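Remarks on the overall topology
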Amino acid sequence: MSPSEPSTPGRPGRRRKSSEPDEFVPQAGEGRAGGRRRGGGRRKKEPKRFGRMLPLLVGALVVALIALGTVLYFQLSGEDAEEQVAQETRPALYRVQDSGDTSNVNEVLAFREVDSRPLNEGELFERHNAEISGQSIDFTLRDSDLTEDCSAAVWGDRAQQALADADCSQAGRATYLSDGYFGVVGVFNLADIEGSRAVAHALNLPEAEAGAEEEEAAEPVEDPGFVLPPSGESPFDRLGAGYSSADAIVTGHYLVVVWVQPTDSESVEERVSLATPLVTLANFRDPFFRRIGELGGGSQTDEGTEGTTGTDGVGTEGTGEGTAGDPPVEAPGTEGEQSVPGE
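Scoring rules and cut-offs
- Residues numbered from 1 in each chain as written.
- Predicted model: local features only at pLDDT ≥ 70, side-chain atom pairs only at ≥ 80, totals over all residues.
- Heavy atoms only, no water.
- Helix = DSSP H or I, 4+ residues; strand = E, 2+ residues; numbered from the N terminus.
- Buried < 20%, exposed > 50% of the residue type's maximum accessible area, 1.4 Å probe, protein only.
- Contact = heavy atoms within 4.5 Å.
- Areas by Shrake-Rupley, 256 points an atom, 1.4 Å probe, with all protein chains shown as cover.
- Phe/Tyr/Trp six-rings, centres within 6.5 Å; stacked < 30°, edge-to-face > 60°.
- Pairing = 2+ DSSP bridges.

Things to note about the overall build of the chain
Scanning the chain from N- to C-terminus turns up seven helices and 11 strands. The buried share of the chain, taken over its 343 residues, is 39%. In the chain, once contacts between residues fewer than 6 apart in sequence are set aside, the share between residues at least 24 apart is 71%. For the chain, the computed accessible surface area is about 20,300 Å², with 51% contributed by carbon and sulfur atoms.

What follows is the structure, given as structure tokens:
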């Protein structure tokens, strides 16, 4: 059969002529106008990229703010710290009070092994010691601190070494204000009464060596150090710049140091009697008398210093200030230093 002849009847379809075009089959990539991407494709991805960068930008901003805040904090706190640092100074007059081994307080509290309960802030700085009154003077607690690092409560190598040798386990300090005086109290928890005495005498300023030629300049005496107030804020930034006096009171294995200065004193040469405020602030020892009762030593309120009247005059140099009715007694082992019974 020739190509031009019709297909045999009964057969389906017909033969396609060679002149007819093949059926159109779309090629890959065709079907989109001009082969270009749809206009909205790129715009949908842009917000996604920005969303990934946003946390990075926020994080960088937070880090910058933290760094700035840290710098400002240390600058401001550094300035405050400089203003509040307690000065390394000592009183113009210092004496040791030791009633001896025969007193009930020294006998009952002679060893920390017997009185083993540690001091706590409540008994030291609250209750009776929040406000201490006597002799027409009212002291009010302002700052307080209780630490196991006894070396942080004093300055001076000799003072720190004495505390270490006496096995100091706690140091408590407080500052007090009244209308005419400001004062500091330091309490040291030592192993025994002998350690208390040793620390008390270690705080005393050694006397210059005798026998030096008058024309020769005397070598300066090395200061052993003294108690550091828990705060150097006003008026305690002037402590020691005016005339001040301190008593170290041996109270069994505790050593209590009371230190006062008149508010208006501006020179160590302005000698005044400070026996009255010293006696008043020495009532800080009330918690230790309560401990005597706890240990079966009976009531010790009569051994406190409340109601004791101090002398009105200033003691002669080297003898300290006495209390009425208590003659000065030379402290053992310290030439020229006087001790007055405090119980």
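As for the packing of aromatic side chains
Scanning the entire structure with this criterion turns up six aromatic pairs. Taking 6.4 Å as the distance between ring centres and 80 degrees as the angle between the ring planes, the aromatic pair formed by tyrosine 176 and phenylalanine 284 counts as edge-to-face. You can see tyrosine 176 sitting in strand β5 (residues 170-177) and its partner phenylalanine 284 sitting in the loop between α6 (275-281) and α7 (286-294), a full 108 residues away along the chain. Considered together, tyrosine 176 and phenylalanine 284 belong to a single accessibility category, that of buried residues. In this structure an aromatic cluster arises from ring pairing among Tyr94, Phe226 and Trp259.

Focus: α7
The α-helix advances 3.6 residues per turn, and as a result positions three or four apart in sequence lie on the same side. Taken as a whole, α7 has its buried residues at Pro287, Phe288, Phe289, Arg291 and Ile292. Of the residues flanking the end of α7, it is glycine 296, one or two places downstream, whose phi is positive at about 85 degrees.

Some words on unusual backbone geometry
With the exception of glycine, the majority of residues adopt a negative phi angle, and the majority of peptide bonds are in the trans configuration. Across the junction of serine 234 and proline 235, the peptide omega takes the value 5 degrees, indicating a cis bond. Assignment of secondary structure puts proline 235 in the loop between β7 (226-227) and β8 (245-251). Although it is not a glycine, arginine 127 sits at a positive phi angle of roughly 50 degrees. Mapped onto the secondary structure, arginine 127 falls in the loop between α3 (121-125) and β2 (131-134). With a relative accessible area of 64%, arginine 127 lands in the exposed category. Residue aspartate 167 is not a glycine yet carries a positive backbone phi of 55 degrees. As for its position among the elements, aspartate 167 is in the loop between α4 (157-165) and β5.

Focus on the pairing of strand β1 (residues 93-97)
β1 sits mainly inside the fold: five of its five residues count as buried. Residues Leu93, Arg95 and Gln97 line one face of β1 and the alternating positions Tyr94 and Val96 line the opposite face, and both faces are buried. In the sheet, β1 pairs with β8 via five bridges, with the strands oriented parallel. Counted as the bridge partner of arginine 95 is aspartate 247 from β8.

Everything listed is a geometric property; what it means functionally is a separate question.
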